[in-house]
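Each chain is listed here by its residues.
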Amino acid sequence: MKLALLASLRKARAAGRPVVVLTRLSDGHQCLWPDEALPGTLAEAAQAALDSDRTANIESEGEAWFVQPHNPPLRLVIVGAVHVAQALAPMAAGMGFAVTIVDPRRAFATEERFTGVALNHDWPDEAMVALAPDTRTAIVTLTHDPKLDDPALDVALKSPAFYVGALGSRRTHAKRVDRLKELGHGDAAIARIAAPVGLDIGAVTAPEIALSIMAQVVARRRGK
Amino acid sequence: MTEDMLETAAAWAEAGEQVAIATVVETWGSSPRPAGSMLVVTASGRMAGSVSGGCIEGAVAEVAQETMRTGQPQLLDFGISDERAWEVGLACGGKLKVFVEKLA
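A quick note: this is a predicted structure, and the numbers were derived from the prediction, not measured. (Residues numbered from 1 in each chain as written. Chains lettered and ligands numbered in written order. Predicted model: local features only at pLDDT ≥ 70, side-chain atom pairs only at ≥ 80, totals over all residues.)

### Observations regarding the interface of chain B and chain A
If you look at the interface, chain B gives 17 residues, while chain A gives 16 residues. Mapped onto the side of chain B that touches chain A, the elements with two or more residues apiece are α1 (5-14), β1 (19-28) and β5 (95-103) of chain B. Of the residues forming the side of chain B that touches chain A, the biggest block, four residues, is contributed by α1 of chain B. Partitioning the side of chain B that touches chain A into residue classes produces 13 nonpolar, one polar and three charged. (Contact = placed C-beta atoms within 7 Å. Helix = DSSP H or I, 4+ residues; strand = E, 2+ residues; numbered from the N terminus. Nonpolar A, V, L, I, M, F, W, Y, C, P; charged D, E, K, R; others polar.)

As structure tokens, then:
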């Protein structure tokens, strides 16, 4: 790989711009798409690799090419700068997620409690609309406070986020479901919410709960 | 710990190291690491990432040293039908191709 290509690739990734590296396996010649215009077959393969988020091996004019997509990182939006969030944020970052913590309570969402994590102090509905969750976004609400969780879930359920989880017992969730239905959400939308949140591993401590949530996010992401 | 080997490669190159990148480009059967997985190697012997469960990293690192000397990229085949793979012990029974290139 040429240093110049690596520099362009890192720049694109830092800017959150999806790009594809195509490598001709016979001699190592590489192209960065779409920065560099490519003939039809290669450009189509590059677009397909981005869409599926999978590498591909293709043949073009008798040459074998390796096609590697570089999509922007998956995102995890955590609503509630609580104890579990402190365990969850670094765990998610380690798995390549770009993490944002949403909590208007400035006493909780502090740089000291969340060193190096993006903090958003807006009201959750405004914050969520601005963050515009897409198919590569996971959302989990942890505040336990309907005033904060509900507006976030309202926006989350209108988005194509691949994961929506909400902390709270079955009873808490039953009440939450009633409130979300009043906001106009149907059964299909409600069914998207993972609640009680996380895989059932008998988690008790904050790091254990974070682990169960993260495991569920990964499972959903991998289609399990 | 990060999965981002390209950042590691860039950081090592910026620190004045000679760097080679090995990338899994194709797998068959039960390979532990998917296509796109990377192993970054320096001439001084540093290593980060992986292209298998640890079975072939040593062999790939050797080729990486050669690639750093010659500048010639190489496409390596590892599989159970490959005698060399038996030597380095790809015990999982999978097959994979690894592309090794110099960062220059």
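### Re unusual backbone geometry
Residues and elements named next belong to chain A. In this model, W33 is joined to P34 through a cis peptide bond whose omega is 5°. Take P34: it is sitting in the loop between β2 (30-33) and α2 (40-52). At the junction of A195 and P196, the peptide bond is cis and its omega measures out at -5° in the coordinates. As for its position among the elements, P196 is in the loop between β10 (193-194) and α8 (206-221). Its identity as a non-glycine residue notwithstanding, D53 has a phi of 60°, on the positive side. Tracing the chain through its elements places D53 in the loop between α2 and β3 (56-60).

### Observations regarding the pairing of strand β1 (residues 19-24) of chain A
Residue and element names in this part refer to chain A. Across the six residues that make up β1, a large majority, five, are buried. Judged from the six bridges that link them, β1 and strand β4 (residues 63-70) form a sheet pairing that is antiparallel. Looking at β4, one finds that L22 is bridged to V67. Between the antiparallel neighbours β1 and β2 lie five residues, among them G28 with a positive phi of about 85°. (Buried ≥ 20, exposed ≤ 12 C-beta atoms within 10 Å, placed from the backbone. Pairing = 2+ DSSP bridges.)

### Brief notes about the sheet that holds strand β8 (residues 137-141) of chain A
Residue and element names in this part refer to chain A. Spatially, the six strands line up as an open sheet ordered β7-β6-β5-β8-β9-β10, and their pairing is parallel. Taken across any chain shown, the strands that pair with only one partner, and hence form the sheet edges, are β7 (118-120) and β10. In this sheet, β8 lies alongside strand β5 (residues 75-79) in parallel orientation, the contact comprising five bridges. Counterpart to I78 in the pairing with β8 is V140. Lying over the sheet, helix α3 (residues 83-94) contacts β5 and β6 (98-102), oriented at roughly 160° with respect to β6. (Axes fitted to C-alpha atoms, helices over the stretch in contact; angles between N-to-C directions.)

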